[in-house]
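# Observations on the three-dimensional arrangement
Spelled out, the chains give:
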Amino acid sequence: MRIVSLVPSLTELLFHLGLGDQVVGITHFCIHPKKKARRITRIGGTKTIKIDKIIDLTPDLVIANKEENSKNDIELLSQKCNVWVTEIINLNDVYAVILELGNRTKTAKKAQGLVANIKLGFNSLHNLLPEIKVLYFIWNAPIMVTGHETFINSILQELNWINILPHEAIRYPVLNPEKVLELAPEYILLSSEPYPFKENHLVQYKNQFPNSKVILVDGEMFSWYGSRLLLAPSYFKALINSML
């Protein structure tokens with residue numbers, strides 16, 4: 001099978017399932033596994049895919065995602081290729097996608113084992129920290145945060161953390177500083193992606209929002225689904241210990 005992956009998290013998953021030799025095309029953002037991914041043909045960004053280049057690779061399967069890829073691109077690509085569009089909002093969606101990928105690629109046993117191990121890891125996180133109210137920043141100038149009905153929000157819920165943002169239709173709303181102060185989160189989480197928050201931003205926001213604790217977090221652990229979730233529970237335990 002010749003596979004093109006338009007989803008960084010699922011590219012890493014393909015390699016974890018032993019399918020790396022079948023992956024013929026990936027995006028510029030598919031950075032894991034680092035050494036092995038370097039040899040794969042790049043077909044553009046997640047939202048700027050090069051359709052003609054993908055077609056030239058004659059894939060048997062193209063893996064896309066409803067949130068990460070452009071609807072128009074996927075519709076055009078689907079006229080020429082077999083495209084599987086995934087939708088992942090929570091861990092149950094992740095488990096379903098992993099198992100479906102296993103079925104499609106004859107790696108069902110590996111997929112089942114992976115799901116079992118991810119569940120075991122996340123079960124170990126329960127009741128590690130009392131409820132805390134948070135805002136999860138994904139962009140700077142303007143401030144953009146993670147809303148509800150997102151995978152990141154579902155991970156916050158797994159940690160018993162409350163996304164203090166009101167429920168609304170916008171999944172990644174932009175907030176002005178006055179609104180952040182009004183919401184008064186106990187913690188502001190500055191993610192390493194898609195905007196690469198650094199130490200200077202930590203200082204900036206600590207001064208701007210003195211009543212909130214501001215910390216830097218690894219965005220991959222909060223937003224990458226697939227096999228990276230094996231690493232997330234250990235990261236979250238260390239993060240929680242640093243907050244106690």
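Relevant structure appears above.
In this text, all values refer to a predicted model and were calculated from it rather than measured experimentally. (Residues numbered from 1 in each chain as written. Predicted model: local features only at pLDDT ≥ 70, side-chain atom pairs only at ≥ 80, totals over all residues. Heavy atoms only, no water.)

### Regarding the sheet that holds strand E7 (residues 83-86)
- Here five strands make up an open sheet; going across it, the order is E3-E2-E1-E6-E7 and the pairing parallel. Of all the strands in the sheet, the pair left with one neighbour each is strand E3 (41-42) and E7.
- The pairing of strand E6 (residues 61-65) with E7 spans four bridges and is classified as parallel. Following the sheet pairing, Val62 is matched in E7 by Val83.
- Strands E6 and E7 of the sheet are contacted by helix H4 (residues 71-78), whose axis makes an angle of about 150 degrees with E7.
- Most of the contacts of helix H5 (residues 91-105) go to E7, to which it runs at about 165 degrees, and overall it touches strand E1 (3-5), E6 and E7. (Pairing = 2+ DSSP bridges. Helix = DSSP H or I, 4+ residues; strand = E, 2+ residues; numbered from the N terminus. Contact = heavy atoms within 4.5 Å. Axes fitted to C-alpha atoms, helices over the stretch in contact; angles between N-to-C directions.)

### Points about the pattern of salt bridges
- Going through the model one piece at a time under the given rule, you end up with seven salt bridges.
- Lys66 is the partner of Glu87 in a salt bridge, and the nearest nitrogen-oxygen pair spans 3.6 Å. Remark: Lys66 occurs in the loop between E6 and H4 and Glu87 occurs in the loop between E7 and H5; sequence separation between them is 21 residues.
- Between Glu100 and Arg104 there is a salt bridge whose closest N-O contact spans 2.8 Å. Highlighted residues: Glu100 and Arg104, both in helix H5, separated by four residues, approximately one helical turn.
- Judged by its relative accessible area of 31%, Glu100 falls in the partly exposed class.
- Classification of Arg104 by relative accessible area gives partly exposed; the value is 32%.
- Residues joined in a network through salt bridges with shared partners are Glu12, Glu220 and Arg228. (Salt bridge = Lys/Arg side-chain N within 4 Å of Asp/Glu carboxyl O. Buried < 20%, exposed > 50% of the residue type's maximum accessible area, 1.4 Å probe, protein only.)

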